[in-house]
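# A closer look at the structure
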Amino acid sequence: MKYLLLIALLLLYLLGLKRVRPKRSAPPPSPPAAAPVAEAPPQQMVSCAECGLHLPQDEALPGRGGHFCTSEHRASFEARRGPY
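Rules of the game
- Residues numbered from 1 in each chain as written.
- Predicted model: local features only at pLDDT ≥ 70, side-chain atom pairs only at ≥ 80, totals over all residues.
- Heavy atoms only, no water.
- Helix = DSSP H or I, 4+ residues; strand = E, 2+ residues; numbered from the N terminus.
- Contact = heavy atoms within 4.5 Å.
- Areas by Shrake-Rupley, 256 points an atom, 1.4 Å probe, with all protein chains shown as cover.
- Salt bridge = Lys/Arg side-chain N within 4 Å of Asp/Glu carboxyl O.
- Buried < 20%, exposed > 50% of the residue type's maximum accessible area, 1.4 Å probe, protein only.

Let us now look at the overall build of the protein chain. A tally of helices and strands in the protein chain yields two helices and four strands. When its helices and strands are written in sequence order, the protein chain yields α-β-β-β-β-α. Within the protein chain, counting contacts between residues at least 6 apart in sequence, those at least 24 apart form 9% of the total. For the protein chain, the accessible surface area stands at approximately 7,800 Å², while carbon and sulfur atoms represent 64% of it.

Shown next as structure tokens:
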């Protein structure tokens, strides 16, 4: 008889747990995958003739004697070198 009582209490306990637990909802739908972005081709890297900093060629400033990272470096390099 006491085993029957223990089984009944166990069943009531398990039923109570089901009611107390929040139901797991489905995860929210993921956003649609974006189309892959085409990467730009690699750029030629050059170094500044004044300080040696490497930078992409399209960002470098051309000058007498090479490429430069800033206009100040171009001016100081050209001032030291003098006119050609």
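Next up on the list: the pattern of salt bridges. The final tally for this structure, using the stated rule, is one salt bridge. One salt bridge in this structure joins glutamate 50 and arginine 80, with 2.4 Å as the shortest N-O distance. Placement of glutamate 50 in the loop between strand 1 (45-47) and strand 2 (54-56) and of arginine 80 in helix 2 (residues 71-81) is noted, with a sequence separation of 30 residues between them. Relative accessible area serves as the criterion here: at 57%, arginine 80 is assigned to the exposed category.

Moving on: the environment of proline 62. Inspection of the secondary structure puts proline 62 in strand 3 (residues 61-63). Sequence separation of proline 62 and cysteine 48 is 14 residues, and the distance between their C-alpha atoms is 9.6 Å. Among all residues touching proline 62, those that are not within four sequence positions of it are His67 and Arg74.

Among the secondary structure elements, proline 42 is positioned in the loop between helix 1 (2-20) and strand 1. For proline 42, a relative accessible area of 81% puts it in the exposed group. It is 9.3 Å that separates the C-alpha atoms of proline 42 and proline 56, two residues lying 14 residues apart in sequence.

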